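Notes for the structure review
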Amino acid sequence: MEDRTALNRQLAQMLKGGVIMDVTTPEQARIAEAAGACAVMALERIPADIRAAGGVSRMSDPKMIKGIQEAVSIPVMAKCRIGHFAEAQILEAIEIDYIDESEVLSPADDVYHIDKRQFKVPFVCGAKDLGEALRRISEGATMIRTKGEPGTGDVVQAVRHMRMMQSEIRRITSLCADELYEAAKQLRVPFELVQYVHDNGRLPVVNFAAGGVATPADAALMMQLGAEGVFVGSGIFKSGNPEKRAQAIVKAVTNYNNPKILAELSEDLGEAMVGINEDEIQLLMAERGK
Amino acid sequence: MKIAILALQGAFAEHQIVLENLGAETFLIRNREDWNLEKHALVIPGGESTAMTRIMRDLNLWEPIRSAIAEGLPVFGTCAGLIMLDDKHLGTMDITAQRNAYGRQLGSFYTEDSFEGIGMVPMTFIRAPFIERVGKEVEVLSTVAGRVVAARQKKQLVCAFHPELTPSDTRIHEYFLTLVQG
């Protein structure tokens with residue numbers, strides 16, 4: 001029997017060491033692909049604009065997503081609301097490569113996430129800590145990303161979430177076998193997943209950084225903290241020179257451990273996204289869907 | 001024997017694990033300085049060929065890699081790595097690849113089929129290409145449903161699928177190491 005979960009986890013493995021960029025038009029998608037993005041996230045409004053506009057934020061128009069699928073040859077992802085399995089069915093029907101069940105959009109269900117195992121198409125989900133990550137994996141997510149705080153240009157929350165996940169993973173690996181049952185209980189996740197983390201020192205799926213990444217240095221920071229790749233949302237197309245910044249962030253992810261190359265990449269990028277600090281915002285998207 | 005693994009983007013760590021388990025010494029190439037180290041072979045992993053192309057060009061790796069392969073450096077390309085060697089990219093192999101030949105992610109699949117000189121092998125195809133044209137110098141090593149999915153031209157070996165994703169079966173990597181030594 002064909003194992004879709006394995007194939008979907010494996011697509012995420014192919015994205016590693018890469019940058020997934022938010023795009024709102026075919027033109028932006030082409031710029032992202034040419035800059036070296038390993039995938040694009042098609043959405044009507046980037047998170048900074050969703051935040052500014054307020055109101056209920058929903059899945060994008062399938063026609064707009066199809067336009068982006070036609071414009072590029074790299075994988076195309078799109079977001080559905082937390083718990084909105086009908087939006088997910090629609091995205092599967094247009095053969096999206098990855099669905100992001102995302103806290104950036106307004107949640108459709110305040111109790112249940114989507115039963116992602118009912119789908120052939122893969123899902124990526126956000127997480128703030130190990131418990132959230134393993135609960136999403138248990139529901140069928142085949143890729144995890146930090147939630148960060150989308151649309152802010154402030155990396156502090158992505159850092160907090162990645163550090164939290166990594167430190168909890170290290171703690172689990174140090175437990176002895178009989179302590180794992182209690183850990184599973186505390187994390188509110190299946191024992192088998194805790195055992196996997198204990199034995200392998202990592203999540204069973206690829207783990208990217210997302211939320212607030214705006215510069216090559218931000219991307220390098222997240223990679224050094226253990227991210228396997230980076231999502232960049234508002235940080236690129238809200239900056240002075242999107243093309244140049246996109247290329248620089250791509251190369252920063254490849255050479256995240258080489259300060260000399262990072263210094264060159266950080267030169268002359270023009271204006272970065274202005275951003276807002278976390279204590280200046282009203283709505284914490286990261287608190288959606290636990 | 002030192003095997004260089006191109007680590008610009010994609011699933012390079014998976015190749016590294018398989019090759020190290022087979023006793024090969026490996027190192028990752030992320031920039032021009034890494035490339036200057038001594039090596040006996042190169043692996044180009046799966047990932048996105050558009051991303052690899054961009055990074056290779058910007059980091060001044062394109063021409064050195066192309067000429068080293070053209071001058072005989074053994075190379076193993078899987079999926080995007082296969083595409084990188086075709087006549088529309090580095091052009092060191094006389095093949096034409098068709099990208100995303102099986103469609104989007106819903107077209108990704110697993111199968112088992114025969115590989116010349118090895119027998120039945122596990123094959124994982126992820127948004128995979130196939131080879132739509134092979135030149136005279138190229139030996140076809142495997143076909144799946146009539147499509148060429150593995151081939152060799154002297155010391156250049158390519159697979160449209162990912163042997164590094166089924167690490168319990170290392171025969172194709174062993175085949176490559178034999179090719180490097182031979």
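Each remark here, short or long, concerns the structure printed above.
Described below are features of the structure shown in this document. (Residues numbered from 1 in each chain as written. Chains lettered and ligands numbered in written order. Predicted model: local features only at pLDDT ≥ 70, side-chain atom pairs only at ≥ 80, totals over all residues. Heavy atoms only, no water.)

1. Describing the interface of chain B and chain A
Applied cut-off: The criterion used for residue contact is that any of the two residues' heavy atoms lie within 4.5 Å. Buried area is calculated as the accessible area (1.4 Å probe) missing from two parts once they are joined, with the contributions of both summed. By definition here, a salt bridge exists when the distance from a side-chain nitrogen of Lys or Arg to a carboxyl oxygen of Asp or Glu is within 4 Å. Between N or O atoms, a polar contact is any pair within 3.5 Å; within protein, one atom must be a potential hydrogen donor and the other a potential acceptor, and residues adjacent in sequence are included only when both atoms are from side chains. By definition, any uninterrupted DSSP run of H or I lasting at least four residues is a helix, any uninterrupted run of E lasting at least two residues is a strand, and each is numbered from the N terminus.
Listed per partner, the contact involves 34 residues of chain B and 37 residues of chain A. Each partner contributes to the roughly 2,800 Å² buried at the junction of chain B and chain A, and carbon and sulfur atoms together form 53% of this total. The largest per-residue losses of area from chain B upon contact with chain A belong to B:Arg104, B:Gln105 and B:Leu106, which jointly make up 26% of the total buried on that side. Applying the counting rule to chain B against chain A returns four salt bridges. Here chain B is connected to chain A by 23 residue pairs in polar contact (both at pLDDT 80 or more). Put simply, the parts of the chain that give the side of chain B that touches chain A at least two residues each are α1 (12-21), α3 (49-58), β6 (109-115) and β7 (119-125) of chain B. In terms of residues, the side of chain B that touches chain A owes the most to one element, α3(B), which gives five residues.

2. Some remarks on the pattern of salt bridges
Residue and element names in this part refer to chain A. Put simply, the rule is: Relative accessibility under 20% of the residue-type maximum defines a buried residue, over 50% an exposed one, and the middle range a partly exposed one, all with a 1.4 Å probe and only protein chains included.
Evaluated as defined, the whole model comprises 27 salt bridges over all chains. Put simply, Arg145 and Asp100 hold a salt bridge, and the shortest N to O gap is 2.9 Å. Of this pair, Arg145 sits in strand β6 (residues 143-146) while Asp100 sits in strand β4 (residues 98-102), placing them 45 residues apart in sequence. Neither Arg145 nor Asp100 differs from the other in exposure class; each is buried. In this structure, Glu139 engages Arg136 in a salt bridge whose closest nitrogen and oxygen atoms are separated by 2.8 Å. Take Glu139 and Arg136: they sit in the same class, and that class is buried. Within this structure, Lys79, Asp100, Glu103 and Arg145 form a network of salt bridges that share partners.

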